[in-house]
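Results of the structural survey
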Amino acid sequence: METLSGISVKIDLHTHTTFSDGALRTRELLLKAKGCGITTISITDHDTISALEDAKEFSKEIGMNLVPGIEITSRLKHSQLHFLGYFFDYTNKKFLSRLQELQDARILRAKKIIAKLNRIKIPLKLESVLEKAGVKNSIGRPHIANMMVEEGYAETYEEVFHKYIGIGKPAYEANHPFPPEEAIRMVAEAGGLSFLAHPSHYVSEGLLRELLKYGLDGIEVIHPSHSADGTEFYDKFADDNSILKCGGSDFHGGLKNDDVNMGKYVVDRSWVDRIEEKLINRKVLEYRPQACSPGASVSGGDELKLKGEFIGKS
Ligand SMILES: [Zn+2]
Ligand SMILES: [Zn+2]
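Residues numbered from 1 in each chain as written. Chains lettered and ligands numbered in written order. Predicted model: local features only at pLDDT ≥ 70, side-chain atom pairs only at ≥ 80, totals over all residues.

**Points about the sheet that holds strand S6 (residues 79-86)**
To keep things clear, this is the line we draw: Following DSSP output, two strands are said to pair if at least two bridges run between them. Secondary structure elements follow DSSP: runs of H or I of four or more residues count as helices, runs of E of two or more count as strands, with numbering from the N terminus. Only C-alpha atoms enter the line fits that serve as axes; for helices the fit covers just the stretch in contact. Angles between N-to-C directions range over 0 to 180 degrees.
Across the sheet, which stays open at both edges, the seven strands sit in the order S3-S4-S5-S6-S7-S8-S9 with mixed pairing between neighbours. Each end of this open sheet is capped by a strand with a single partner; those strands are strand S3 (11-15) and strand S9 (244-247). Averaged over all pairs of adjacent strands, the angle between strand axes in this sheet comes to 35°, irrespective of strand direction. Here strand S5 (residues 65-76) runs beside S6; their pairing, made up of eight bridges, is antiparallel. By the bridge assignment for S6, Ser 74 is matched with Leu 81.

So, in structure tokens, the structure goes:
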């Protein structure tokens with residue numbers, strides 16, 4: 001564990017709650033993280049910020065630092081890409097309306113998957129999936145898979161994907177075509193920074209370079225799915241291209257069997273310092289009169305101070 005002036009620092013910038021496909025509620029997740037020695041956490045639910053208000057309050061109560069986060073689903077051709085966004089203003093109207101579009105698209109996709117399942121004589125109902133999931137705005141295939149196992153249509157979660165809802169299977173439905181540049185722009189316009197999540201899942205070096213042209217701020221270097229070589233490659237790629245690095249456990253809990261990951265996949269404090277530096281530099285540039293574009297959404301007041309929710313800055 002890294003220490004800073006004798007204080008232990010453990011930073012996990014990628015976790016999920018029941019607001020998306022995690023198994024723990026916001027406060028349960030924060031308590032678990034605290035128990036694992038995490039001092040700074042980001043909750044990065046899929047296409048939703050529903051956990052953030054309560055997390056902000058409760059993290060203060062238990063003495064943890066919270067980085068406002070999200071994991072945005074994007075699609076490039078047939079590949080699904082995930083972008084982690086940090087430090088955006090989650091009250092920004094434009095950001096919220098884009099988020100609403102993504103959430104509406106999730107519901108529509110779930111409806112289509114369920115219609116296809118119904119056609120192959122699996123009488124699943126959207127209402128019961130939504131009720132069981134307990135989420136209204138970040139419904140996804142994991143919720144459908146869990147319900148199918150519970151209702152006895154498959155033995156395991158994996159089987160549901162392999163037989164029914166995975167790519168090329170009879171009830172597969174592609175997700176909303178939200179291009180990467182839109183995801184990156186959406187976070188940037190709300191004052192945040194975007195990172196490509198777990199690049200080893202899907203990304204060639206060529207595509208990574210392409211994403212940099214859209215203004216991607218960094219990549220996730222530390223992730224449970226990365227091999228030692230992969231981690232080394234992404235670490236070097238980030239340094240060589242002068243972009244930021246992030247990482248974390250991608251903790252979901254429950255069926256994902258990732259209990260041991262919490263506390264194990266943490267990032268270096270210096271990476272977070274770089275993130276803060278970039279945010280501060282951007283604010284400085286925004287406040288130079290010649291750099292201000294009409295209608296730029298810059299909130300007044302504490303311009304050079306970050307939101308006071310981060311390491312040692314509050
Ligand atoms: Zn992801
Ligand atoms: Zn994730």
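Read on, since the account is not over.
**Topic: helix H2 (residues 52-61)**
Keep this limit in mind: Residues are called buried when their C-beta atom has 20 or more other C-beta atoms within 10 Å, exposed when it has 12 or fewer, and partly exposed otherwise; all C-beta atoms are positioned from the backbone. This arc corresponds to the set of directions leading from the helix axis out to the C-beta atoms. What counts as a contact is two residues whose backbone-derived C-beta atoms lie within 7 Å of each other.
Turning to H2, its buried residues number three or more, namely Leu 52, Ala 55 and Ser 59. Looking down the long axis of H2, one finds its buried residues gathered within 50° of arc, a one-sided arrangement. Seen from the open side of H2, the exposed residues pointing more than 90 degrees away from its buried face are Glu 53, Glu 57 and Glu 61. Next to the buried residues of H2 lie helix H1 (26-35), strand S4 (40-43) and S5. Backbone geometry just downstream of H2 places Gly 63 in the positive-phi region, at approximately 75°.

**Focus: unusual backbone geometry**
Non-glycine residue Asp 47 carries a positive phi angle of around 55°. Residue class for Asp 47 comes out buried when judged on the 27 C-beta atoms lying within 10 Å of it. Of note in the backbone geometry, Lys 121 takes a positive phi value of approximately 65° without being a glycine. The residue Lys 121 is located in the loop between helix H3 (93-119) and helix H4 (126-133) in this model. For Lys 121, a count of 7 C-beta atoms within 10 Å translates into the label exposed.

**Observations regarding the pairing of strand S8 (residues 218-222)**
Counted only if it meets this: A right-handed crossover is one whose linking path, passing over the helix from the first strand to the second, runs clockwise when the strands point away from the viewer.
Across the five residues of S8, five count as buried, placing the element largely inside the fold. Relative to S8, strand S7 (residues 193-196) runs parallel, the two sharing two bridges. Bridge pairing in S8 links Leu 196 to Ile 219. Sheet topology places S8 next to S9; four bridges connect them, and they run parallel. Of the residues in S9, the one forming a bridge with Ile 219 is Lys 245. Following the backbone out of S8, through helix H9 (residues 228-240) and into the adjacent parallel S9, one traces a crossover that is right-handed.

**Examining the pairing of S4**
The side-chain alternation of S4 yields two buried faces, one formed by Thr 40 and Ser 42 and the other by Ile 41 and Ile 43. Pairing of S3 with S4 involves three bridges; the strand directions are parallel. Note that in S4 the partner of Thr 15 across the bridge is Ile 43. With H1 bridging S3 and the parallel S4, this β-α-β connection has right-handed handedness. Looking at chain direction, S4 and S5 are connected through four bridges and run parallel.

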